[in-house]
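Each chain is listed here by its residues.
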Amino acid sequence: VFTQAMRFQAPPHFVILGMAPGMPQILEAHARRMKSLRWFLPSAEWEEGLSAFVEDFYTEYGLAIELQLVEDMAALKRLRPCSRESVNIVEFTGEAYMAVSAAPEGSVWLDMLSVEEKRRRIMAKGKKITYFSMKEIWKSAQKRCNCPLLP
């Protein structure tokens, strides 16, 4: 999905909400295009290996990850990731009622868990925010592929 967003001249500033398997590898693959990276993570998802990753990321790419631990998913839901500049918001929460109004115009919202209510709310705000749904991207890829399904 990062690659999909990059085709649309997405901003070089990133905000990540939550965690997914393989996140370090995804960040490393796109690090050279990033100017800033803020990562909000529920404390329960914190692992010791992430400390080493954050340090190594800075050493390798010269970009300090601004990591902020929050109490739980409810605190993440209330979070308002404000920015003066447009950002890529990569969101793994699955929550429908995130603070979408905090995203500045020109931002790209990458909804990894594809919550339809969130898409509707982002579009209703009237701001120029590009929304990507992982489910829609997969549907589109499947249509383009037109491959037979394997048993």
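In the block above lies the structure referred to throughout.
What counts and how
- Residues numbered from 1 in each chain as written.
- Predicted model: local features only at pLDDT ≥ 70, side-chain atom pairs only at ≥ 80, totals over all residues.
- Heavy atoms only, no water.
- Buried < 20%, exposed > 50% of the residue type's maximum accessible area, 1.4 Å probe, protein only.
- Helix = DSSP H or I, 4+ residues; strand = E, 2+ residues; numbered from the N terminus.
- Pairing = 2+ DSSP bridges.
- Core = buried A, V, L, I, M, F, W, Y, C linked by side-chain atoms within 4.5 Å.
- Contact = heavy atoms within 4.5 Å.
- Axes fitted to C-alpha atoms, helices over the stretch in contact; angles between N-to-C directions.

Asks: Help me out: how do you make sense of the pairing of strand 5 (residues 108–111) in this one?
Replies: Taken residue by residue, a regular strand's side chains alternate between the two faces of the sheet. Of the two faces of strand 5, the one lined by Val108 and Leu110 and the one lined by Trp109 and Asp111 are each fully buried. Relative to strand 5, strand 4 (residues 88–91) is paired through four bridges, and the arrangement is parallel. Within strand 5, the position partnered with Glu91 by the bridge is Asp111.

Asks: How do you make sense of the nonpolar core when you look at a structure like this?
Replies: Most often, soluble globular proteins have nonpolar side chains that are buried together. Among the nonpolar cores identified, the biggest contains 24 residues, and Ile16, Leu27, Leu37, Trp39 and Phe57 are the most heavily contacted of them. If you list the elements that add at least two residues to this core, you get strand 1 (13–17), helix 2 (23–30), strand 2 (36–42), helix 3 (48–61) and strand 5. Of the residues forming this core, the biggest block, four residues, is contributed by helix 3. In this structure, Ile16 is in contact with Met23, Leu27, Leu37, Arg38, Trp39, Phe40, Val90 and Phe92, ignoring residues within four places of it in sequence.

Asks: Can you help me understand the sheet that holds strand 3 (residues 65–70) in this one?
Replies: Sheet strands associate in pairs through backbone hydrogen bonding, adopting either a parallel or an antiparallel arrangement. Judged by pairing direction, the sheet is parallel, and its six strands sit side by side in the order 3-2-1-4-5-6 without closing on themselves. Whereas interior strands pair on both sides, the edge strands pair on one side only; in this sheet they are strand 3 and strand 6 (130–133). With strand direction ignored, the average angle separating the axes of adjacent strands in the sheet is 15°. Pairing of strand 1 with strand 4 involves four bridges; the strand directions are parallel. When the sheet's bridge partners are listed, Val15 is paired in strand 4 with Ile89.

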